[in-house]
Amino acid sequence: MLANQSTDLLFELSQPGRRCHRLPDCDVPRRDPAELLPADSLAPQPPPLPEIGEIDLIRHFVNLSKRNMSIDTNFYPLGSCTMKYNPKRHERLASLSGLAHLHPLTPDAACQGMLQLLWELQNLLAEIAGLEAVSLQPAAGAQGELAALLVAAAYFRDKGQRRTRVLIPDSAHGTNPASAAIAGFDAVSIKSNDRGLVDLADLKAKLDDRSAVFMITNPNTLGLFDEQIGDITGMVHDHGALVYLDGANMNAIVGVTRPGDFGVDMMHYNVHKTFTGPHGAGGPGAGPIAVRGFLAPYLPSPLVACRECHDRSKEEADESGDGRSYFLDYDRPKSIGRVRSFFGNVGILVRGWCYIRTLGPSGLRAMTENAVLNANYLLARLKNVLEVPYGNRCMHEFVASARALKRNQGISAMDIAKRLLDFGYHAPTVYFPLVVPEAIMIEPTETESKATLDAFADALHRIRGEEPQFLHAAPHTTPISRPDEIRAAKEPILRWKS
Ligand SMILES: *Cc1c(COP(=O)(O)O)cnc(C)c1O
């Protein structure tokens, strides 16, 4: 390792008396802290902060930042996460001081521009969903799921119906059953059939008047569009239950079809996935939910409303703005209440608005078509390298399997994922969805060039020919090779102790 890539902490680099800069002595007379605060509120001594010069401080952080993998530095085919490039013009717009520095307690009358933007975004997301009402509040997809399930619970309570179950396919993201449990429902698993789609017989057997919601991800986490969706929504509605769409895979259908048109009653968006916004490492997201009109009264409060806009679909509203006033509507007695402070993660919502307005209807459709094209190109190039258990065609992602490699040579999905890091690629999603053993889930997104996809396919071809022992020890070029996965997650060391 190069000397300037030291892993020492700032505390370890500290030398008494070092400073980043020196200020002239203050000419305001210094007062004894004991005169200002009661003695028991004073620390016995100053905190032990590192003492370090500016150049060492900067090198420390810049070198740490170079260890980061990001979409700005590397191809990032992390399935289900839609790691597309985030255009820099959105960053510029989102950092305009009128948007970025707006205080969240600014009265409505003094932040009309921001409220108009959020109101327009509510309408754009409603239109793309084919549903009537939108709340921008939830801070991520998972919180959108929870908020929507609370909306469903409030709806059934209001109708005097006691429904305790949420039905979820076994290929679903783990957040689906978790959200159902947190919202107070029992999560019931529905089997997938041999084509990776919902097993209709199992759904039929488990649907009854205890069912509140059927949660479906379509296209699903195998990258397959479940064309039985018409039958499914019909069956669910026949039992008086609601259909929820996990919208994490909207990148495969925006501008081509609308969830509301195929029978969905409620859904979430992952704005940070589908409509760009830097994400990863738990960073800020936005998980707006869209619902049918009859569920709108239960949405979180407040919603952004427009006093003079009776018809929300009026096109001119976007352009003219004259004579309209926007406000936060708290007068919603059936609402489930707040799920997030202030207006939600506004910074990501602004970027999403920029993205949708920049691309427009035909641009959004082109986004979807290219995402699907890129994934199918990669699928075709990789089919003879890795087994792809479900289908010759996919939507915006596909799931390969290292099952045969594992059986014959002991090479696991993890070995391949780790080795890809040596080639400068972020690893694909592995071991998810659970219905595929040794899963390797690949989502290239529409923003990658053919050259990048070809280079990635070539790397996998090469890895396929490498020795098992060599792969077990990969990655070979990163500062840390294989941390203990469980301990790294369960016992992270977050504090320095002297
Ligand atoms: C990402 C994802 C979620 C959760 O969304 P977050 O925004 O990460 O909370 C749920 N379902 C699927 C299929 C996903 O890919």
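1. Things to note about the layout of surface pockets
Estimates place the volume of the largest pocket at around 1600 Å³. What lines the largest pocket is a set of 45 residues, among which Arg 67, Asn 68, Met 69, Tyr 76 and His 426 lie closest to the centre. Counting only elements with at least two residues in the lining of the largest pocket, the list comes to helix 3 (54-65), helix 4 (88-94), helix 13 (346-382), helix 15 (413-422) and helix 18 (485-490). Looking at the lining of the largest pocket element by element, the count peaks at four residues for helix 15. Grouping the constituent residues of the lining of the largest pocket by class yields 23 nonpolar, 13 polar and nine charged. Shared between two domains, the lining of the largest pocket takes at least three residues from each, and those domains are domain 2 (89-357) and domain 3 (369-488).

2. Some words on the domain arrangement of the protein
Size of an interface: often given as the accessible area lost when the parts come together. When the domains of the protein are assigned, the result is domain 1 (10-65), domain 2 (89-357) and domain 3 (369-488). For domain 2 versus domain 3, the distance between C-alpha centres works out to 31 Å. Between domain 2 and domain 3, the contact holds 21 residues from the first and 16 residues from the second. A buried area of about 1300 Å², summed over both sides, lies between domain 2 and domain 3, and 64% of it is on carbon and sulfur atoms. Ranking the residues of domain 2 by area buried against domain 3 places Thr 221, Leu 222 and Asn 251 at the top, with a combined share of 38%. Our enumeration of links across domain 2 and domain 3 arrives at zero salt bridges. Across the contact surface, domain 2 and domain 3 share four residue pairs in polar contact (both at pLDDT 80 or more). In terms of residue class, the side of domain 2 that touches domain 3 is made up of eight nonpolar, 10 polar and three charged.

3. Some points on the packing of aromatic side chains
Where two aromatic rings form a pair, the distance of their centres and the angle of their planes describe that pair. According to the stated counting rule, one finds 11 aromatic pairs in the structure shown. Between the aromatic rings of Phe 75 and Tyr 425, the centroid separation amounts to 6.0 Å while the plane-to-plane angle is 90°, which identifies the pairing as edge-to-face. Taken together, the positions of Phe 75 in the loop between helix 3 and helix 4 and Tyr 425 in the loop between helix 15 and strand 11 (429-430) put the pair 350 residues apart, joining distant regions of the chain. Take Phe 75 and Tyr 425: they sit in the same class, and that class is buried. Measuring from centroid to centroid gives 5.7 Å for Phe 225 and Phe 262, while their planes differ by 90°, and the two rings are edge-to-face. Of this pair, Phe 225 sits in the loop between strand 4 (211-217) and helix 10 (229-238) while Phe 262 sits in the loop between strand 5 (242-246) and strand 6 (266-268), and the two are 37 residues apart along the sequence. On the basis of relative accessibility, which here comes to 25%, the residue Phe 225 falls in the partly exposed class. By relative accessible area, which is 10% here, Phe 262 ends up buried. By the ring-pair criterion, three or more aromatic residues cluster together here, those being Tyr 155, Phe 156, Phe 294 and Tyr 298. The ring of Phe 327 has Arg 307 sitting right over it, with the charged end atom 4.2 Å from the ring centre.

4. Some thoughts on the site of the ligand
Residues in close proximity to the ligand include Ser 80, Ala 140, Gly 141, Ala 142, Glu 145, His 173, Thr 175, Asp 246, Ala 248, Asn 270, His 272 and Lys 273, which together make up its full environment. Between the ligand and the protein, one listed contact pairs a nitrogen atom with a side-chain N or O atom of Asp 246 at 2.6 Å. The separation between an oxygen atom of the ligand and a polar side-chain atom of His 272 is 2.8 Å. When the ligand is considered free in solution it has 380 Å² of accessible area, and contact with the protein chains removes 87% of it. Where the shell around the ligand is concerned, the elements lending two or more residues are helix 7 (141-158) and helix 11 (271-274). Residues that form the shell around the ligand fall into these classes: three nonpolar, six polar and three charged.

5. Overview of the side chain of Ser 301
Mapped onto the elements of the fold, Ser 301 is located in the loop between strand 7 (289-291) and strand 8 (303-306). Setting aside chain neighbours within four positions, we find Ser 301 in contact with Gln 137, Asp 329, Tyr 330, Arg 332, Ser 335, Gly 337 and Arg 338.

6. Concerning the nonpolar core
Membership of the largest hydrophobic core comes to 61 residues, with the highest contact counts inside it found for Leu 203, Phe 214, Met 267, Tyr 269 and Phe 275. Broken down by secondary-structure element, the contributors of at least two residues to this core are helix 6 (112-129), strand 3 (186-190), strand 4, helix 10, strand 5, strand 8, strand 9 (326-329) and helix 13. Apart from residues no more than four positions distant in its own chain, Phe 275 is found in contact with Leu 125, Ile 128, Val 254, Tyr 269, Asn 270, Arg 351, Gly 352, Tyr 355, Ile 356 and Leu 364. Met 266, Ile 289, Leu 295 and Leu 303 belong to the second-largest nonpolar core, a separate cluster that totals 30 residues.

7. Thoughts on the state of the cysteines
What we call a disulfide is simply a covalent bond connecting the sulfur atoms of a pair of cysteines. Taken as a whole, this structure holds one disulfide when the rule is applied. Note that Cys 306 is cross-linked by a disulfide to Cys 309, the S-S spacing being 1.9 Å. On the S-S bond that ties Cys 306 to Cys 309, the torsion sits near 50°, and the link is right-handed.

8. Points about the sheet that holds strand 1 (residues 133-135)
Sheet architecture is open: seven strands sit in the order 1-7-6-5-4-2-3, paired in mixed fashion. At either margin of the open sheet sits one strand with a lone partner, and together these are strand 1 and strand 3. Sheet twist, expressed as the average angle between the axes of neighbouring strands with direction ignored, equals 20°. Summarising the sheet, strand 5 and strand 6 pair through three bridges and their orientation is parallel. The residue of strand 6 that forms the bridge with Asp 246 is His 268. Set on the sheet, helix 7 makes contact with strand 2 (165-169), strand 4, strand 5, strand 6 and strand 7; between it and strand 5 the angle comes to about 175°.

9. A word on helix 15
In an α-helix, one turn spans 3.6 residues, which is why side chains three or four residues apart end up on the same side. In terms of burial, helix 15 is a largely internal element, eight of the 10 residues being buried. Among the residues of helix 15, those classed as buried are Ala 413, Asp 415, Ile 416, Ala 417, Lys 418, Arg 419, Leu 420 and Asp 422. Lining the buried residues of helix 15 we find helix 14 (403-409), strand 11, strand 12 (439-442), helix 16 (450-464), helix 17 (468-472) and helix 18. Looking at the residues trailing helix 15, positive phi occurs at Gly 424, about 85°.

Rules used in this analysis
Residues numbered from 1 in each chain as written. Predicted model: local features only at pLDDT ≥ 70, side-chain atom pairs only at ≥ 80, totals over all residues. Heavy atoms only, no water. 1 Å grid on protein atoms, 1.4 Å probe; cavity = no way out; pocket = protein on both sides within 12 Å on 5 of 7 lines; lining within 4 Å. Points joined across faces, edges and corners; volume = space filled by probe spheres on them. Helix = DSSP H or I, 4+ residues; strand = E, 2+ residues; numbered from the N terminus. Nonpolar A, V, L, I, M, F, W, Y, C, P; charged D, E, K, R; others polar. Domains from an automatic or database assignment. Contact = heavy atoms within 4.5 Å. Buried area = accessible area lost by both parts, 1.4 Å probe. Salt bridge = Lys/Arg side-chain N within 4 Å of Asp/Glu carboxyl O. Polar contact = N/O pair within 3.5 Å; in protein donor to acceptor, adjacent residues only side chain to side chain. Phe/Tyr/Trp six-rings, centres within 6.5 Å; stacked < 30°, edge-to-face > 60°. Buried < 20%, exposed > 50% of the residue type's maximum accessible area, 1.4 Å probe, protein only. Lys NZ or Arg CZ within 6 Å of the ring centre and 35° of its normal. Near = heavy atom within 4 Å. Areas by Shrake-Rupley, 256 points an atom, 1.4 Å probe, with all protein chains shown as cover. Core = buried A, V, L, I, M, F, W, Y, C linked by side-chain atoms within 4.5 Å. Disulfide = S-S within 2.5 Å. Pairing = 2+ DSSP bridges. Axes fitted to C-alpha atoms, helices over the stretch in contact; angles between N-to-C directions.

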